[in-house]
Amino acid sequence: MTSIRVLSVASELYPIVKTGGLADVAGALPIALKSEGIEVRSLVPGYPAVVDRLEAAEQVLEWPLFFGGATRLLRASCGELDLLVIDAPHLFGRPGNPYTSPDGIDWPDNGLRFAALARMAADIGLGDVPAFVPHVLHLHDWQAGLAPAYLHYSNRQHARTVMTVHNLAYQGKFPPALLGEFGLPPEAYATEGVEYYGTIGFLKAGLQFADRITTVSPTYAKEIQSEEGGMGLAGLLRARARDLTGILNGVDVTVWDPATDQNLPVHFSASDLTGRAAAKAALQQRFGLKPLPDAFLLGVISRITWQKGLDILLEALPTILGEGIQLVLLGTGDTSLEIGFRSASEATAGQCGVVTGYDEALAHLIQAGSDALVVPSRFEPCGLTQLCALRYGAIPIVSRVGGLEDSISDLDDDAVPTGFKFGPVTADNLARATGRAHAAFRQTPLWRQLQANGMGRDVSWRGPASRYAELYREIAT
Ligand code: ADP
């Protein structure tokens, strides 16, 4: 069988640049696909963090003028990842995260910046970059969404396309006046083109023109076809239902491995969990909690947003803490919620601790040291933290939505339970779920069984990578 070449296109890539789960997927899937005989190159914008990390960079092509400035395409590697980097300082050579300035404000030219990413992907998909001619473009989220539209309006032979939706809430909408600047023809601004409720919709364009659509869990694939979950795109997604599948994400099991994790005071594994106690003690100390080895300790690692249901957690907090449960939270996001959690933490010193910020090492310690991980999302395309929790013996307490529904089985519903589920997402239901978990925690053999079940689950990329490989082969041949 000929090897299939895939260009993966995403605006973030772990371990170089990450704001969320998208980066984890874009960084891990290409490596997992190697054992499926798929050759992947990842196209990534040349942010300073990317350019600084390149090993053996070599120029492939250059343009004197590409979306407003001189641009080079570089071929390089970073660890096991093979990259194509868009070195366009006028678009990407800026501080801050991929989307915002250091003070958190979206760059005003984000439309142009990510149109450039998609345009470069399309040029590669048209075979215009001889150094790498892919069979398939795998496009992730709205930032890459215009690529299938560029290919469509090129009227030339081109690579096949897969559009993956990691979160339908982020759609990339820009004013129609920018159509020319994006390099799209006037006829593209139509309902059956890129037009989307009076804007240019980047994700909409991808969903309209990609050969296949995937999302990151089977349940989310169903939810986004409903009016409630479709966020304006339900009609289009229903019309494309035959081309839409859900493939649950994996996690990088080398990064998330309690037997080798450098962030833990003592390593542990499914066969010997004693090292968890040291992580729990370290966590209690770090968050200023009472050093009680037997307290039931809940962990939360999350963006602090409405999507993640953290307002519901804040509302349920008095009931949860009233049971003597401890809670640690690591996250950033909505300022008023951050303030709410901080004042709850001050009012209940020693029982609830909050760290606002982004801290990978601390996220690992929370997985290792908390007894249960709470994920009360209102919607959750896949969710990665509950998968990491399974690896670390932290029992997930999750809402019954999206990938949480698909990846966790409830103590009362399943022969091989791995956690606790609740729904609808209300403070009462959440507190009842943490109460059920607390009761189970007090029955040590039952709790050990839950941990063993979770740690025995294969949450690696092996299964998902073989599903993606199958999909590429279906459309490429
Ligand atoms: P999202 O919707 O934010 O992408 P996911 O659960 O899919 O949610 O992925 C979030 C990823 O980011 C996980 O790997 C999680 O551990 C990590 N993460 C989230 N918030 C923080 C934080 N404040 N510090 C460190 N890691 C975080």
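Please read all numbers here as calculations on a predicted model, not as lab measurements.

Enquirer: For this particular structure, what's the right way to read the domain arrangement of the protein chain?
Expert: Quoted interface sizes are often the accessible area lost when the parts come together. By domain assignment, the protein chain separates into domain 1 (4-250 + 462-476) and domain 2 (275-455). On a C-alpha basis, the centres of domain 1 and domain 2 stand 33 Å from each other. If you look at the interface, domain 1 gives 18 residues, while domain 2 gives 16 residues. Here domain 1 packs against domain 2, burying approximately 1,200 Å² in sum over the two surfaces, 60% of which is carbon and sulfur. The largest contributions to the domain 1 side of the interface with domain 2 come from Lys18, Thr219 and Leu248, which together make up 28% of the buried area. Linking Glu360 and Lys18 is a salt bridge whose minimum nitrogen-to-oxygen distance equals 3.7 Å. Run the count over domain 1 and domain 2 and you get seven residue pairs in polar contact (both at pLDDT 80 or more). Of all the elements in the fold, those that place two or more residues in the side of domain 1 that touches domain 2 are α1 (21-32) and α7 (218-223).

Enquirer: I tried to follow the pattern of salt bridges on my own but got confused; where do I start?
Expert: One side chain can pair with another of opposite charge once the charged atoms of both are near each other. The tally for this structure, following the rule as stated, stands at 23 salt bridges. Across the pair Arg400 and Asp413 runs a salt bridge whose closest N-O atoms are separated by 3.0 Å. A residue pair is termed long-range when its members are at least 10 positions apart, and Arg400 in the loop between β17 (395-399) and α14 (402-407) and Asp413 in the loop between α14 and β18 (420-422) qualify at 13 residues. By relative accessible area, Arg400 is classed as partly exposed at 34%. Put simply, Glu405 and Lys421 hold a salt bridge, and the shortest N to O gap is 2.5 Å. Of this pair, Glu405 sits in helix α14 while Lys421 sits in strand β18, placing them 16 residues apart in sequence. Judged by relative accessible area, which is 27%, Glu405 ranks as partly exposed.

Enquirer: Where do I start with the site of the ligand in this structure?
Expert: As a structural note, the neighbourhood of the ligand is formed by 18 residues, with Gly21, Arg303, Lys308, Gly357 and Leu384 the closest of them. In this structure, an oxygen atom belonging to the ligand sits 3.2 Å away from a side-chain N or O atom of Asp24. Contact between the ligand and Arg303: an oxygen atom at 2.7 Å from a side-chain N or O atom of the residue. Mapped by element, the contributors of at least two residues to the shell around the ligand are α1, β13 (297-304), β14 (326-333) and α12 (360-369). Sort the elements by how many residues they give to the shell around the ligand and β13 lands first, with three residues. Of the residues that make up the shell around the ligand, three or more belong to each of domain 1 (4-250 + 462-476) and domain 2 (275-455).

Enquirer: Help me out: how do you make sense of the sheet that holds β13 in this one?
Expert: Think of a sheet as strands paired side by side through backbone hydrogen bonds, with each pair either parallel or antiparallel. In space, the six strands of this open sheet follow the order β15-β14-β13-β16-β17-β18, with parallel pairing throughout. With one partner strand each, in any of the chains shown, β15 (352-356) and β18 form the two edges of the open sheet. Here the average twist between neighbouring strands, direction ignored, is 20 degrees. Sheet topology places β14 next to β15; five bridges connect them, and they run parallel. Paired with Gly331 across the strands is Thr356, a residue of β15. Packing of helix α10 (residues 310-322) onto the sheet brings it into contact with β13, β14 and β15, and relative to β13 it is tilted by some 160 degrees.

Enquirer: Is there a simple way to think about the side chain of His138 in this case?
Expert: With respect to the helices and strands, His138 occurs in strand β6 (residues 136-140). Here His138 falls in the buried class, since its relative accessible area comes to 1%. Apart from the residues within four sequence positions on either side, His138 is in contact with Val6, Leu7, Ser8, Val9, Leu29, Val162, Thr164, Tyr468 and Tyr472.

Conventions used here
- Throughout, a residue's number is its position along its own chain's written sequence, starting from 1.
- Only residues with pLDDT of 70 or above have their local features reported here, since the model is predicted, and side-chain atom pairs are shown and tallied only from 80 upward, although totals for entire chains, interfaces and linings are computed over all residues.
- Heavy atoms from the whole structure form the basis of all side-chain values; hydrogens and water molecules are not counted.
- Where a domain begins and ends is set by an automatic assignment or by a domain database.
- What makes two residues a contact is simply this: any of their non-hydrogen atoms within 4.5 Å.
- Throughout, the accessible surface (probe 1.4 Å) given up by two parts as they are put together, summed over both, is called the buried area.
- For this document, the term salt bridge refers to a Lys or Arg side-chain nitrogen within 4 Å of an Asp or Glu carboxyl oxygen.
- What qualifies as a polar contact is a pair of N or O atoms within 3.5 Å, subject to a donor-acceptor requirement within protein and to the restriction that residues adjacent in sequence count only when both atoms come from side chains.
- In DSSP terms, a helix is any run of H or I states spanning at least four residues, a strand is any run of E spanning at least two, and both are numbered starting from the N terminus.
- Note on classification: 1.4 Å probe, protein chains only; a residue is buried when its accessible area is under 20% of the maximum for its type, exposed when over 50%, partly exposed between these limits.
- For this description, a residue counts as near a given molecule or strand if any of its non-hydrogen atoms is within 4 Å of it.
- Strands are labelled as partners when DSSP assigns at least two bridges between them.
- For helices, the axis comes from a line fit to the C-alpha atoms of the stretch in contact; other axes are also lines fit to C-alpha atoms, and the angle between any two N-to-C directions lies between 0 and 180 degrees.

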